[in-house]
Every structure is written in C-alpha cells, then in structure tokens.
Amino acid sequence: MDHTSNLTEVKLTVTKEDFHRQNGHRSAAIWLTGLSGAGKSTIATALETELYRRGIHTYLLDGDNVRLGLNRDLGFSEEDRRENIRRVAEVSKLFVEAGTVVIVAFISPYRKDRDEARARFEEGEFLEVFVDCPIDVCEERDPKGLYKKAKAGTILQFTGISSPYEPPLHPEFHLRTDLNAPEACVALLVEGLLERITLQ
Ligand code: PPS
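Chains are numbered independently. Their residues run from 1 in the order of the written sequence. Residue-level local features of this predicted model are given only where pLDDT is at least 70; pairs of side-chain atoms are given and counted only at 80 or more, and the full residue set underlies all totals for whole chains, interfaces and linings. Calculated side-chain values reflect all of the structure's heavy atoms, with hydrogen atoms and water omitted.

**Structural notes on the packing of helix 2 (residues 40–53) against helix 8 (residues 182–197)**
Angle between the axes and distance between the axes: these two values describe a pair of packed helices. Which entries qualify depends on this criterion: Helix axes are fitted only over the stretch in contact, all axes being lines through C-alpha atoms; the angle between N-to-C directions runs from 0 to 180 degrees. Here a strand is any run of E in DSSP of at least two residues, a helix any run of H or I of at least four, and the numbering for each starts at the N terminus. In what follows, roughly perpendicular refers to angles from 65 to 115 degrees, roughly parallel to angles under 35, roughly antiparallel to angles over 145, and oblique to any angle outside these ranges. A clockwise turn of the near helix away from the far one marks a right-handed crossing, whereas an anticlockwise turn of less than a right angle marks a left-handed crossing. Any two residues having at least one pair of non-hydrogen atoms within 4.5 Å are treated as being in contact. Ten residue types, Ala, Val, Leu, Ile, Met, Phe, Trp, Tyr, Cys and Pro, are classed as nonpolar, four, Asp, Glu, Lys and Arg, as charged, and the remainder, Gly among them, as polar.
Remark: helix 2 packs on helix 8, axes separated minimally by 9 Å, with the N-to-C direction vectors making an angle of 50 degrees. In terms of their interaxial angle, helix 2 and helix 8 are classed as oblique. At the point where helix 2 passes helix 8, the crossing takes the right-handed sense. Residues Thr42, Ile43, Ala46, Leu47, Glu50 and Leu51 of helix 2 form the contact with helix 8, whose participating residues are Pro182, Cys185, Val186, Leu189, Val190 and Leu193. Across the contact of helix 2 with helix 8, the residue classes tally to 10 nonpolar, 1 polar and 1 charged.

**Here's the deal with unusual backbone geometry**
The cut-off we apply is this: Here's how the labels work: a residue is buried when its accessible area is under 20% of the maximum for its type, exposed when over 50%, partly exposed in between, all with a 1.4 Å probe on protein chains only.
Residue Asp142 is not a glycine yet carries a positive backbone phi of 30 degrees. With respect to the helices and strands, Asp142 occurs in the loop between helix 6 (135–141) and helix 7 (146–152). When its relative accessible area of 16% is taken as the criterion, Asp142 is described as buried. Positive phi, close to 50 degrees, is recorded for Gln157, a residue that is not glycine.

**Considering the pairing of strand 3 (residues 101–105)**
As a reminder, the rule being used: At least two bridges found by DSSP between two strands are what make those strands a pair.
Across the 5 residues that make up strand 3, a large majority, 5, are buried. With burial as the criterion, each face of strand 3 is covered, one bearing Val101, Ile103 and Ala105 and the other bearing Val102 and Val104. Pairing between strand 1 (residues 28–33) and strand 3: 5 bridges, direction parallel. Looking at strand 3, one finds that Leu32 is bridged to Ala105. Sheet topology places strand 2 (residues 58–62) next to strand 3; 5 bridges connect them, and they run parallel. Within strand 3, the position partnered with Leu60 by the bridge is Ile103.

Structure (structure tokens):
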C-alpha cells in the first residue's frame, strides 16, 4: 500500500546552498563499504577527526551505532540489510541537505543497495570508498571475535563467511588497508574530499 499519495512536500526556505555559504564548504556523503574488520570504523573516525580539525562540519554514521538506535529492529538477513542501507541513505541525504559532510561506515554488502543510495544524491555528492582488505587478514585481525563465532556457527549470515559481499566496481576511492597505514588512507581521503567540497 502506498502511504504517500496524500502527502505534499513542504518547500524549505533555507536551502542546502545557504548552508554551504554559512559553513564555507559544500556538503557530501562519504560512503565507506567493506568487510567486518577491514578498517571502516578506524578510517571513518580518523577521517572525521581530521576534517573537524580543519573546521569542516561533519557527522559520522557507523553501522554498530545506528543498529543500536534507529535500526535496532533490523537483523542481518538480505532484506534487513537492504532496509538498513535504505534508511541510512535517507538519513545521509538529510545531513547533506543540512550542509554537512556525512561519513557513512556500513558493510553495505550489496552493490544494488549502494547504487540506489548513490542515486539519491546529486552528481559528485556521493563518494564511495572501498575499504579493501583480504578476508584472511580480516579474520586474523578479528577485533570483535566475530569471525571466530561465525566459523563456529554461533553467528549466522556473517558477511564473507555465510553471507555475500559484493565489492564496488567503480569506487571514487579504493583503500588497501592491509598494505597501507590508516593515516595514509585518511590523508588520501582528506585531499580528495577537500578538492570536492571547497567553495569556488
Ligand atoms: S550491513 O551489512 O551494512 O547491514 O551491516 P552494518 O549495519 O554495517 O553492521 C555491521 C556490524 O554488525 C556486527 N555484526 C555483523 N556483521 C556482519 N554480519 C553479521 N552477521 C553480523 N552480526 C553482527 C559487526 O560488529 C559489524 O560491524 P563491523 O564494523 O563491520 O565489524
């Protein structure tokens, strides 16, 4: 059933461009995708710190945090992950409309869902970052002990073990966290991002 037919969109008087002028930079969604243990949260938090230091208005949406609040009703089936990403894309869009650089760190395993997220944004506003690390390295790191549990069968539908991960085909940034230190990955992102959000 379509619940939207009797709704009328309210036209906002303070626009995204007004926020850009007020903040002194454009907004964007930096979308980090990758396996559990690949380094998404490490890079996302370090990136936010670097941007904050430079006076950029940011907010970080991290999978575990959002799943403890807004998305606490969702599990890890394909359907629930899709709904997780749909909601996060909508929330990210709101942050971008509000002039913020939103950093999004979710496994977001399905290409179609990430492409649908991208489609909600204007050209150049959505930057996909592939946080790439071979699964055996993620398993070795196993910072939360989740791979061990997945292998033992006490966590089901675990990404890379018993649930798929579809790597991006054309990400704006491709980080190899097994080969490069987090600082080097973050420096690359900061440089690329500043180019895009600086007002002319
Ligand atoms: S998804 O696929 O985008 O909906 O996942 P996300 O919202 O990013 O949540 C991933 C974090 O949830 C924990 N966790 C699991 N991950 C993958 N598969 C299963 N079955 C699972 N169960 C719990 C885990 O802490 C993930 O965080 P990261 O930071 O990726 O390790």
